[in-house]
Amino acid sequence: MTSQRDRDRQESLEQFIDRRLDNVGDISHGGQLFAEVVKIIQAVLERVQSQVSAKERRIAEELETLAGVIERAKVDVESVRPHDIRSHHLPLANGELGAIASHLEEATGTILDTCEELEKLAESMPDEASEKLLECVTRIYEACNFHDITGQRIKKVVDTLEAVETRIDALLTALGDPPAEEPEQTPKKPLTDEDLLNGPAPPGTGTTQDEIDALFG
Amino acid sequence: MSVDKKMPILIVDDYKTMLRIIRNLLRQLEFTNVDEATDGSAALAKLREKPYGLVISDWNMQPMTGLELLKAVRADPKLKDIPFIMITAESKTENVIAAKQAGVNNYIVKPFNAETLHKKIAMVLGGT
C-alpha cells in the first residue's frame, strides 16, 4: 500500500505546491490563510531539504528567511497594539472632531444671530453710526466663512481616520486576529491624577452645572 | 444697465451657516428675494418651479454637486440661460476650468468677502 509520504515523494515539487495552494482557495479566514501559508513554506522546506542540489538549497534558504520575516512582521505589528488604536484611539479622535464641528456650528449660529440683531438695531441709529455698524457686521459675516472651511477640513481628517481604521481592520484580519464587533471592555482600575485630565467632554457626556451644584448640596 | 433687485435669486449650499451669510450679504446689496436649497437636486427642483434670475451655488454637496447642478441647468432648454456663480473652497485650476467648460458665469473661492460677491454679481448681471 502506498503511504501519503510516498505519494508526496513521487509527485514533482511543482505538483506538490500546486496541490497545497489549491487547498488555500477554500480558506476564507485571514488567520487560517496565514497559518496555511506558513505550513506550506515549512512543507516546501522539508521537501527541498531532502534534495541536494545547490540551487534548491538556496531556494530553501530564501524561503526560510521569508518565513522568518513574516513571523517578525507579525510580532512587530502586534507590538503597536492595533486593537487599541482600532477600539479606543480612533473612536476618541472621531468623537472629538465631531464635538469640534458641533461647537463651531453652535458658536457661528450665535454670532450670526447677534449680527442680525445688530443690523436691525442699525436701522434706528443715526446714518453715520448705522453705516459704520453695518460695515462691522459685514466684516463679521465675511469672517464667518471660517465655519464652512474648517468644516470641510474636519471632514477630510475624519475621512482619513476612516481609511486608517479600514487598513487596521484588514491588517488584523490578515494576522488572524480580526477586530471585535464591539469594543473590548477593559477592566476598571483606580483613576490616577493623569486619568482625570481629559479636557472638554464630548457633547452630552459630561456633568452639567446643575449636577455639579447638586453634589455641593 | 440697472439690475432688478427684486429678481429671485437661488442660493445653494449644504452649510446652513453659509446660506445665512450669503443671504445676509445679498440683503446688504438690497437683493431681498432670495430662496435657499441645500444640494443640487433640491435646487434643480426649485429652478423648475420658479423663474430665477441668478443661481449662486456651492460645489461640494451631496447627493448632487454644484457642478452636476450646473451641467443639468445648462442641459435644460428652459434653464440654460440662467446666470450661475459658483462659490466654493475648490480652488484648483482644474476645478475652475471644469466649471468654466460646464458654463459657469463666474467663480468665487471661499473664504470670500462682500466686495468680491458684489463685483462678481455685477459682472454676471451687468451692473448693480
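The rules behind the values
Residues numbered from 1 in each chain as written. Chains lettered and ligands numbered in written order. Predicted model: local features only at pLDDT ≥ 70, side-chain atom pairs only at ≥ 80, totals over all residues. Heavy atoms only, no water. Helix = DSSP H or I, 4+ residues; strand = E, 2+ residues; numbered from the N terminus. Buried < 20%, exposed > 50% of the residue type's maximum accessible area, 1.4 Å probe, protein only. Contact = heavy atoms within 4.5 Å. Areas by Shrake-Rupley, 256 points an atom, 1.4 Å probe, with all protein chains shown as cover. Polar contact = N/O pair within 3.5 Å; in protein donor to acceptor, adjacent residues only side chain to side chain. Phe/Tyr/Trp six-rings, centres within 6.5 Å; stacked < 30°, edge-to-face > 60°. Lys NZ or Arg CZ within 6 Å of the ring centre and 35° of its normal. Salt bridge = Lys/Arg side-chain N within 4 Å of Asp/Glu carboxyl O. pLDDT = per-residue confidence, 0-100. Axes fitted to C-alpha atoms, helices over the stretch in contact; angles between N-to-C directions. Parallel < 35°, antiparallel > 145°, perpendicular 65-115°, else oblique. Left-handed = near helix turned anticlockwise from the far one by under 90°. Nonpolar A, V, L, I, M, F, W, Y, C, P; charged D, E, K, R; others polar. Expected span 1.5 Å × (residues − 1). Bend = angle between axes of the 7 residues up to and from the residue.

**A word on the overall build of chain B**
Next, step 1: What chain B contains, in helices and strands, is five helices and five strands.
Next, step 2: Each helix (α) and strand (β) of chain B, taken in turn from the N terminus, gives the series β-α-β-α-β-α-β-α-β-α.
Next, step 3: By residue count, 52% of the 128 residues in chain B fall in the buried class.
Next, step 4: Across chain B, contacts joining residues at least 24 apart in sequence account for 63% of those joining residues at least 6 apart.
Next, step 5: Accessible surface computed for chain B: about 6,100 Å², of which carbon and sulfur atoms make up 51%.

**Concerning the side chain of Glu119 of chain A**
Next, step 1: Mapped onto the elements, Glu119 of chain A comes out in helix α5 (residues 82-123).
Next, step 2: Among the polar contacts made by the side chain of Glu119 of chain A, one reaches the side chain of Arg27 of chain B at a distance of 2.3 Å.

**A word on the packing of aromatic side chains**
Residue and element names in this part refer to chain B.
Next, step 1: The full count for this structure, using the stated rule, is one aromatic pair over all chains.
Next, step 2: Aromatic pair Trp59 and Tyr107: ring centres 6.5 Å apart, planes at 75°, arrangement edge-to-face. On the criterion of sequence distance, the pair formed by Trp59 in the loop between β3 (54-57) and α3 (66-75) and Tyr107 in strand β5 (residues 106-109) is long-range, its members being 48 residues apart. The two residues Trp59 and Tyr107 agree in class, both being buried.
Next, step 3: Lying over the aromatic face of Phe31, Lys5 brings its terminal NZ or CZ to 5.1 Å of the ring centre.

**Some points on the interface of chain A and chain B**
Next, step 1: Facing 18 residues of chain A, the contacting portion of chain B comprises 18 residues.
Next, step 2: If you look at where chain A meets chain B, you find four salt bridges.
Next, step 3: One salt bridge connects Glu119 of chain A with Arg27 of chain B, and the closest N-O pair in it is separated by 2.3 Å.
Next, step 4: Seen at the junction of chain A and chain B, the total is eleven residue pairs in polar contact (both at pLDDT 80 or more).
Next, step 5: At the level of elements, α5, α6 (127-143) and α7 (146-174) of chain A are the ones that each hand at least two residues to the side of chain A that touches chain B.
Next, step 6: At six residues, α5 of chain A tops the list of elements feeding residues into the side of chain A that touches chain B.

**Some words on the confidence of the model for chain A**
For residues with low pLDDT, the predicted coordinates do not support detailed interpretation.
Next, step 1: When pLDDT is averaged across chain A, the result is 79; 76% of the residues are at 70 or more.
Next, step 2: Averaged over each element, pLDDT in chain A is lowest for helix α1 (residues 4-10) of chain A (59) and highest for α6 of chain A (93).

**Here's the deal with the packing of α6 of chain A against helix α1 (residues 16-28) of chain B**
Next, step 1: Interhelical geometry of α6 of chain A versus α1 of chain B gives an angle of 150° and a closest axis separation of 10 Å. Considering their axes alone, α6 of chain A and α1 of chain B lie roughly antiparallel with respect to each other. Viewed along their axes, α6 of chain A and α1 of chain B form a crossing whose handedness is left-handed. On α1 of chain B, the residues touching Leu134, Val137, Thr138 and Tyr141 of chain A of α6 of chain A are Ile21, Asn24, Leu25, Arg27 and Gln28 of chain B.
Next, step 2: When grouped by side-chain class, the residues that make up the contact of α6 of chain A with α1 of chain B number five nonpolar, three polar and one charged.

**Digging into the environment of Cys136 of chain A**
Residue and element names in this part refer to chain A.
Next, step 1: Considering the arrangement of structural elements, one finds Cys136 in helix α6.
Next, step 2: Judged by its relative accessible area of 28%, Cys136 is partly exposed.
Next, step 3: With 17 residues separating them in the primary sequence, Cys136 and Glu119 have C-alpha atoms 9.9 Å apart.

**Quick notes on α5 of chain A**
Next, step 1: The end-to-end C-alpha distance of α5 of chain A, which contains 42 residues, comes to 60 Å, matching closely the 62 Å that a straight helix rising 1.5 Å per residue would cover.
Next, step 2: In the structure, α5 of chain A departs most strongly from a straight axis at His89 of chain A, where the bend amounts to approximately 30° and where the proline Pro91 of chain A lies between one and four residues downstream.
Next, step 3: Along α5 of chain A, the positions that sit buried rather than exposed are Pro82, Arg86, Leu90, Leu97, Ala99, Leu104, Thr108, Gly109, Leu112, Cys115, Glu119 and Ala122 of chain A.
Next, step 4: Among the structural elements, α4 (54-79), α6 and α7 of chain A together with α1 of chain B are those in contact with the buried residues of α5 of chain A.

**A few points about α7 of chain A**
Next, step 1: Taking 1.5 Å of rise per residue, 29 residues should cover 42 Å, and α7 of chain A covers 42 Å from first to last C-alpha, within 8% of that figure.
Next, step 2: On the buried face of α7 of chain A, the contacting elements are α5 of chain A together with α1 of chain B.
Next, step 3: At the C-terminal side of α7 of chain A, Gly176 of chain A shows a positive phi close to 80°.

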